[in-house]
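Spelled out, the chains give:
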Amino acid sequence: MSTTPSAGLHPRLPTPLQEVEDARFARHGVRLTLKRDDLIHPDLPGNKYRKLALNLEAALAADHPALLTFGGAYSNHLRATAAAGRLLGMPTVGIVRGDELADRPLNPSLARCAADGMRLHFIDRSTYRRKTEPEVLAALLHETGADASYVIPEGGSNPLAVQGCTALGEELRGHTDLAAVACGTGGTLAGLAAGLAPDQRALGIPVLKGGFLGDDITELQRRTFGAPTPNWRLDDRFHCGGYARTTPELTAFADDFEDRHGLSVERVYVAKLLYALTALSEEGAFPRGTTVTAVITATDKAPEEAQSSTSR
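Each value, and the rule that gives it
Residues numbered from 1 in each chain as written. Predicted model: local features only at pLDDT ≥ 70, side-chain atom pairs only at ≥ 80, totals over all residues. Heavy atoms only, no water. Helix = DSSP H or I, 4+ residues; strand = E, 2+ residues; numbered from the N terminus. Rg over C-alpha atoms; globule rule 2.2 N^0.38 Å. Buried < 20%, exposed > 50% of the residue type's maximum accessible area, 1.4 Å probe, protein only. Contact = heavy atoms within 4.5 Å. Areas by Shrake-Rupley, 256 points an atom, 1.4 Å probe, with all protein chains shown as cover. Core = buried A, V, L, I, M, F, W, Y, C linked by side-chain atoms within 4.5 Å. Polar contact = N/O pair within 3.5 Å; in protein donor to acceptor, adjacent residues only side chain to side chain. Pairing = 2+ DSSP bridges. Axes fitted to C-alpha atoms, helices over the stretch in contact; angles between N-to-C directions. Salt bridge = Lys/Arg side-chain N within 4 Å of Asp/Glu carboxyl O.

(A) Here's a closer look at the overall build of the protein. Scanning the protein from N- to C-terminus turns up 13 helices and 10 strands. Its C-alpha atoms give the protein a radius of gyration of 19 Å, near enough to 20 Å, the size a compact globule of 312 residues would have. Summarising its shape, the C-alpha atoms of the protein cover approximately 60 × 40 × 35 Å along the three principal directions. Classification of the 312 residues of the protein by burial places 55% in the buried group. Intrachain contacts of the protein at a sequence separation of at least 6 include 75% that bridge at least 24 residues. Surface exposure of the protein reaches about 12700 Å², of which carbon and sulfur atoms provide 51%.

(B) Spatial organisation of the nonpolar core. Formed by 35 residues in total, the largest nonpolar core has its most connected members in Leu34, Leu274 and Leu277. Mapped onto this core, the elements with two or more residues apiece are β2 (31–35), β7 (178–183), β8 (201–206), α11 (248–261), α12 (270–282) and β10 (291–295). Tallying contributions element by element places α12 first for this core, with 7 residues. Setting aside anything within four residues of it in sequence, one finds leucine 274 in contact with Leu34, Phe253, Phe257, Val265 and Ala294. Residues Leu172, Leu189, Ala190 and Leu192 belong to the second largest nonpolar core, which totals 18 residues.

(C) The side chain of threonine 144, seen in detail. Tracing the chain through its elements places threonine 144 in the loop between α7 (134–143) and β6 (150–151). Taking relative accessible area as the criterion, threonine 144 reaches 5% and is therefore assigned buried. A distance of 2.9 Å separates a polar side-chain atom of threonine 144 from the backbone oxygen of leucine 140.

(D) The sheet that holds strand β4 (residues 92–97), seen in detail. On the basis of which strands lie adjacent, the open sheet formed by 4 strands has the order β5-β4-β3-β6 and parallel pairing. Pairing within the sheet leaves two strands with one partner each, and these edge strands are β5 (118–123) and β6. Of the strand pairs in this sheet, strand β3 (residues 67–71) and β6 are connected by 2 bridges, and their pairing is parallel. Bridge pairing in β6 places leucine 68 opposite valine 151. Its contacts with the sheet put helix α4 (residues 76–88) on β3, β4 and β5, and the angle it makes with β3 is roughly 160°. Packed on one face of the sheet, α7 meets β3, β4, β5 and β6 and runs near 120° to β3.

(E) Structural context of the side chain of threonine 278. With respect to the helices and strands, the residue threonine 278 is situated in helix α12. Within the structure, threonine 278 has its side chain in polar contact with the backbone oxygen of leucine 274 (distance 2.8 Å). With sequence-adjacent residues up to four places away left out, threonine 278 is seen in contact with Arg24, Phe25 and Phe253.

(F) Summary view of the sheet that holds β7. Strand order across the open sheet formed by 6 strands is β1-β2-β10-β7-β8-β9, with mixed pairing between neighbours. At either end of the open sheet lies a strand with only one pairing partner, and these are β1 (17–20) and β9 (232–234). Neighbour to neighbour, the strand axes of the sheet diverge by 25° on average, direction disregarded. The pairing of β7 with β10 spans 3 bridges and is classified as parallel.

(G) Local environment of the pattern of salt bridges. The final tally for this structure, using the stated rule, is 22 salt bridges. When the shortest N-O distance is used, the salt bridge between aspartate 43 and arginine 86 registers 3.2 Å. Note that aspartate 43 is positioned in the loop between β2 and α3 (47–61) and arginine 86 in helix α4, a separation of 43 residues in sequence. The partly exposed category is assigned to aspartate 43, whose relative accessible area is 32%. Owing to a relative accessible area of 37%, arginine 86 belongs among the partly exposed residues under this scheme. In this structure, arginine 112 and aspartate 116 form a salt bridge, with 3.0 Å as the shortest nitrogen-oxygen distance. Under the relative-accessibility criterion, arginine 112 is labelled partly exposed at 42%. Judged by relative accessible area, which is 9%, aspartate 116 ranks as buried. Within the structure, one salt-bridge network assembled from shared partners comprises Asp22, Arg24, Asp256 and Arg260.

In structure tokens:
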């Protein structure tokens with residue numbers, strides 16, 4: 001077994017920075033670049049590698065017998081954890097939201113997890129909501145025979161994940177004025193902002209509705225760095241109704257962006273990010289001369305995954 005994840009996973013670092021010529025930005029004097037974190041690893045794209053890397057290192061260093069984590073039926077995080085376990089030779093356990101799924105055929109996402117060796121354990125939604133309570137977590141570990149496992153939270157966002165994402169900001173130092181990322185649990189934005197230079201800013205585009213993410217990111221930064229950084233903000237206007245929800249306007253925008261630039265646009269996260277940045281540019285939100293970088297954190301998905309209403 002490899003003692004470091006980078007030795008066993010072979011990430012592509014730093015990830016490429018790609019300039020995009022788009023009249024909707026150029027006419028406002030704004031330069032758009034794409035940070036192609038989707039190319040970091042074929043099985044752990046984008047923020048999945050960055051968020052898992054230090055957690056995997058900690059699990060290997062402490063010789064935990066397995067990794068245990070949580071997710072919905074279409075969770076990218078579950079898939080990435082399963083892939084990492086396969087590549088590093090480490091058993092994985094996935095706690096899946098929805099006990100009604102236990103007797104159904106596995107969807108393509110969960111089938112991929114199983115093919116990579118992840119042992120799936122389905123629980124009811126009420127218990128899932130309480131999964132972080134110590135007594136509930138202890139019971140789940142016991143039920144799955146994984147008492148000594150290394151536990152990674154849903155979506156992978158914890159202080160080690162935030163620390164791992166600081167490298168993303170560091171890679172963008174000297175290359176952009178504003179780095180923007182789509183947000184699920186907020187860990188990527190928390191680390192990205194901390195890694196940027198003092199004169200750079202970060203923008204998060206939440207893909208879930210509810211307005212709760214700001215407090216979560218502040219708490220993640222406090223737990224990781226001792227205090228939140230002052231260089232980030234959120235714009236909650238572009239969730240299109242909630243996680244994996246869409247609108248005809250968003251679909252048309254994503255199709256058009258693909259046609260313009262020959263780039264496959266992942267629909268759950270990346271489409272909302274690019275749509276938001278385009279709208280903000282048209283609103284005049286960015287001063288002339290600004291370089292805006294969109295962090296591409298996810299690869300394109302099969303249509304059935306984009307219709308899921310589960311979180312990553």
